[in-house]
Amino acid sequence: MENIERSSSWTRTRRRPHPAADAARVGSAPDAARAGSAVTKAPAGRRAIAKAEKRARILTAARTVMGEKGYAQMSMSEVAFLADVAAGTVFQYAATKAELLMMVTESIWAEHVNNALLATSTPGQRSPAEVVDAIMNSLDPIFDMAVHWPETTVWIAREILFGEDLPHRREVLGLVEKLEAHIAHLLGTCSSRAQDADDAAAPGTAAPSPASAAPGGNDLAASPDRAHRDTALDVGARMIVTSGLAELNRARQGRGEMRLLMDRMREIVMLVAKGVGTTHRAV
């Protein structure tokens, strides 16, 4: 009230308004809204900062414990202690231990996936061999976790495939879909003509056939049936990503060796890329 009066022309002229007018002026809707805003903005900002800081500490603590002991041996109370928060606070950010795993996974994969997409975004046609290399480069950041966190990575694959529908898992699934879309794009650049050019350049190989040399010939990306092409590319990308997750899950079950994972993945990607590159040869 006093601050408002000091800033008004009434104070400068030492004239007091009628009490009713003064009350109406102080209680006006715009002034009340501004006053209310001034009172609530700062605390809300501090709360948001405090919440972000707690989340960061919980993420750091969870990554530390997973790195040292693995996901299976991690406890929520241990994460809370290391993050210097109450045990119940961790559950406010991740409702279950599996959700905490997905929260950590999303924080790591988001950067890796975006970097991988930027690194392999060069347009143009590629031979199946070049597409395999580009796709493997896209997958490397994710499967690199299998080297550093082998036990935890297979639990990540299990949660993605079979986990409960919760917010952090949905975030991870969104990243998986983003990666699948990018792989589908790479498959769309797979050109049998580029492969024919590579084959023709190799010693002792026959010249490409007239059909394969024709503009757009043998290329799924150039197929006139766009719906079929897009479906095939999406299916191929999904096969690659799902196969990778399945291979990780097989390793968790002791039915595969983690050290052979990338070799198996390259074989799978090569089969899919060659299938895409040779689709519609009869066209």
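Residues numbered from 1 in each chain as written. Predicted model: local features only at pLDDT ≥ 70, side-chain atom pairs only at ≥ 80, totals over all residues. Heavy atoms only, no water.

For the rest of this paragraph, the subject is the overall build of the protein. A tally of regular secondary structure across the protein gives 14 helices and zero strands. Listing the helices and strands of the protein from first to last along the sequence gives α-α-α-α-α-α-α-α-α-α-α-α-α-α. Counting the 283 residues in the protein, one finds 39% classified as buried. By sequence separation, contacts in the protein at least 24 residues apart represent 72% of the contacts at least 6 residues apart. Summed over all atoms, the accessible surface of the protein reaches about 15600 Å², with 58% contributed by carbon and sulfur. (Helix = DSSP H or I, 4+ residues; strand = E, 2+ residues; numbered from the N terminus. Buried < 20%, exposed > 50% of the residue type's maximum accessible area, 1.4 Å probe, protein only. Contact = heavy atoms within 4.5 Å. Areas by Shrake-Rupley, 256 points an atom, 1.4 Å probe, with all protein chains shown as cover.)

Looking now at the confidence of the model for the protein. Scored by pLDDT, the protein has a mean of 74; 66% of the residues are at 70 or more. Contacts from residues 194-224, a stretch scored under 50 in pLDDT, to residues over four places away or in other chains number 44 contacts. (pLDDT = per-residue confidence, 0-100.)

Tracing the backbone shows Leu 261 in helix H14 (residues 261-278). Take Leu 261: its relative accessible area is 1%, and that puts it in the buried class. For the pair Leu 261 and Glu 247, spaced 14 residues apart in the sequence, the C-alpha separation amounts to 7.1 Å. Once residues within four sequence positions are removed from consideration, Leu 261 is found in contact with Phe 143, Ala 146, Glu 247 and Leu 248.

Time to look at the nonpolar core. Core analysis: the biggest nonpolar cluster contains 65 residues, and Leu 100, Trp 109, Leu 139 and Leu 187 have the highest contact counts within it. Ranked by residues supplied to this core, first place goes to helix H7 (residues 97-119) with 11 residues. Apart from residues no more than four positions distant in its own chain, Leu 100 is found in contact with Ile 58, Ala 62, Met 66, Met 74, Met 76, Val 79, Val 90 and Ala 94. (Core = buried A, V, L, I, M, F, W, Y, C linked by side-chain atoms within 4.5 Å.)

It is worth spelling out the pattern of salt bridges at this point. One pass over the structure, following the stated rule, counts five salt bridges. A salt bridge links Arg 158 to Glu 159; the nearest nitrogen and oxygen atoms lie 3.4 Å apart. You can call Glu 159 buried: its relative accessible area is 9%. In this structure, Arg 170 and Asp 165 form a salt bridge, with 3.0 Å as the shortest nitrogen-oxygen distance. (Salt bridge = Lys/Arg side-chain N within 4 Å of Asp/Glu carboxyl O.)

The next subject is unusual backbone geometry. Negative phi is the rule for most residues except glycine; trans is the rule for most peptide bonds. Even without glycine at this site, Asp 84 takes up a positive phi of about 60°. With respect to the secondary-structure elements, Asp 84 resides in the loop between helix H5 (76-83) and helix H6 (87-93).

Take the packing of helix H8 (residues 128-148) against helix H9 (residues 150-162) next. As a packed pair, H8 and H9 sit with axes 5 Å apart at the nearest point and diverge in direction by 135°. If you check the angle between H8 and H9, you find them oblique. Contacts from Met 145, Ala 146, Val 147 and His 148 in H8 reach Pro 150, Thr 153 and Ile 156 in H9. Counted by class, the contact of H8 with H9 contains five nonpolar, two polar and no charged residues. (Axes fitted to C-alpha atoms, helices over the stretch in contact; angles between N-to-C directions. Parallel < 35°, antiparallel > 145°, perpendicular 65-115°, else oblique. Nonpolar A, V, L, I, M, F, W, Y, C, P; charged D, E, K, R; others polar.)

Glancing now at the packing of aromatic side chains. How two aromatic rings sit relative to each other is given by the distance of their centres and the angle of their planes. For the coordinates displayed, the defined rule picks out one aromatic pair. Sitting over the ring of Tyr 71, Lys 97 keeps its end group 4.8 Å from the ring centre. (Phe/Tyr/Trp six-rings, centres within 6.5 Å; stacked < 30°, edge-to-face > 60°. Lys NZ or Arg CZ within 6 Å of the ring centre and 35° of its normal.)

Looking now at the packing of H8 against helix H10 (residues 167-188). Put simply, H8 and H10 touch, their axes get as near as 9 Å, and they point 165° apart. It follows from the interaxial angle that H8 and H10 lie roughly antiparallel. In terms of crossing hand, the pair formed by H8 and H10 is right-handed. Residue-level inspection shows Val 131, Ala 134, Ile 135, Ser 138, Leu 139 and Ile 142 of H8 in contact with H10, the latter providing Leu 179, His 182, Ile 183, Leu 186 and Leu 187. Class assignment for the residues of the contact of H8 with H10 results in nine nonpolar, two polar and no charged. (Left-handed = near helix turned anticlockwise from the far one by under 90°.)

The subject of this paragraph is the side chain of Glu 99. Considering the arrangement of structural elements, one finds Glu 99 in helix H7. Despite its burial, Glu 99 pairs with no opposite charge, the nearest such side chain being Arg 170 at 7.1 Å. (Lys, Arg positive; Asp, Glu negative; His and termini not counted.)

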